[in-house]
Amino acid sequence: QVQLMESGGGLVQPGGSLRLSCAASGFSFSSLTMHWYRQAPGKGRELVALITSPDDSTYYPDSVKGRFTISRDNAKNTVYLQMNSLKPEDTAVYYCNRPPPHYSWGQGTQVTVSS
């Protein structure tokens, strides 16, 4: 059974940092590209980072480039998202998943950037 369990979110002031984790199980994690997405209230789900396998190439949209860093630990079946210089517009629920066709979504982790 596939499970994706995101954690590490919270309330942070603008300019602050958070590190999100996504623990995966039930599939061959080390062989798959992994994505981080976010969904803000009233908006669609947005891709914010991806990391390939096995070469760990990364991609970021302009909205987070230079501020977010994705990484993975295949020994722990975990993908991370380091988020620096956070802005109020980064407020969203953050999810990890494989590229489409997606697995069932985890519960996500809430990130709130506010003073």
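Residues numbered from 1 in each chain as written. Predicted model: local features only at pLDDT ≥ 70, side-chain atom pairs only at ≥ 80, totals over all residues. Heavy atoms only, no water.

Caption draft 1: Summary view of the overall build of the protein chain. The secondary structure content of the protein chain amounts to zero helices and 10 strands. Listing each helix as α and each strand as β along the protein chain from the N terminus yields β-β-β-β-β-β-β-β-β-β. Compactness check: the protein chain gives a C-alpha radius of gyration of 13 Å against a globular reference of 13 Å for 115 residues, within 12% of the reference. Seen through its C-alpha atoms, the protein chain measures out along the principal axes to roughly 40 × 25 × 25 Å. Each of the 115 residues in the protein chain was classed as buried or not, and the buried ones make up 43%. (Helix = DSSP H or I, 4+ residues; strand = E, 2+ residues; numbered from the N terminus. Rg over C-alpha atoms; globule rule 2.2 N^0.38 Å. Buried < 20%, exposed > 50% of the residue type's maximum accessible area, 1.4 Å probe, protein only.)

Caption draft 2: Broad picture of the packing of aromatic side chains. Inspection of every chain in the model, using the stated rule, returns four aromatic pairs. On the numbers, 5.3 Å between centres and 80° between planes, the contact of Y37 with W105 is edge-to-face. Taken together, the residues span a long stretch of sequence, with Y37 in strand β4 (residues 34-39) and W105 in the loop between β9 (92-97) and β10 (109-113) at a distance of 68 residues. Members of the aromatic cluster, connected to one another through ring pairs, are F27, F29 and Y103. A cation sits over an aromatic face here: R45 above Y95, 4.5 Å from the ring centre. Above the ring of W105, the side-chain terminus of R45 is found at 3.8 Å from the ring centroid. (Phe/Tyr/Trp six-rings, centres within 6.5 Å; stacked < 30°, edge-to-face > 60°. Lys NZ or Arg CZ within 6 Å of the ring centre and 35° of its normal.)

Caption draft 3: Examining the state of the cysteines more closely. For the coordinates displayed, the defined rule picks out one disulfide. The disulfide that involves C22 links it to C96, with 1.7 Å between the sulfurs. Placement of C22 in strand β3 (residues 18-25) and of C96 in strand β9 is noted, with a sequence separation of 74 residues between them. A relative accessible area of 0% means that C96 is categorised as buried. (Disulfide = S-S within 2.5 Å.)

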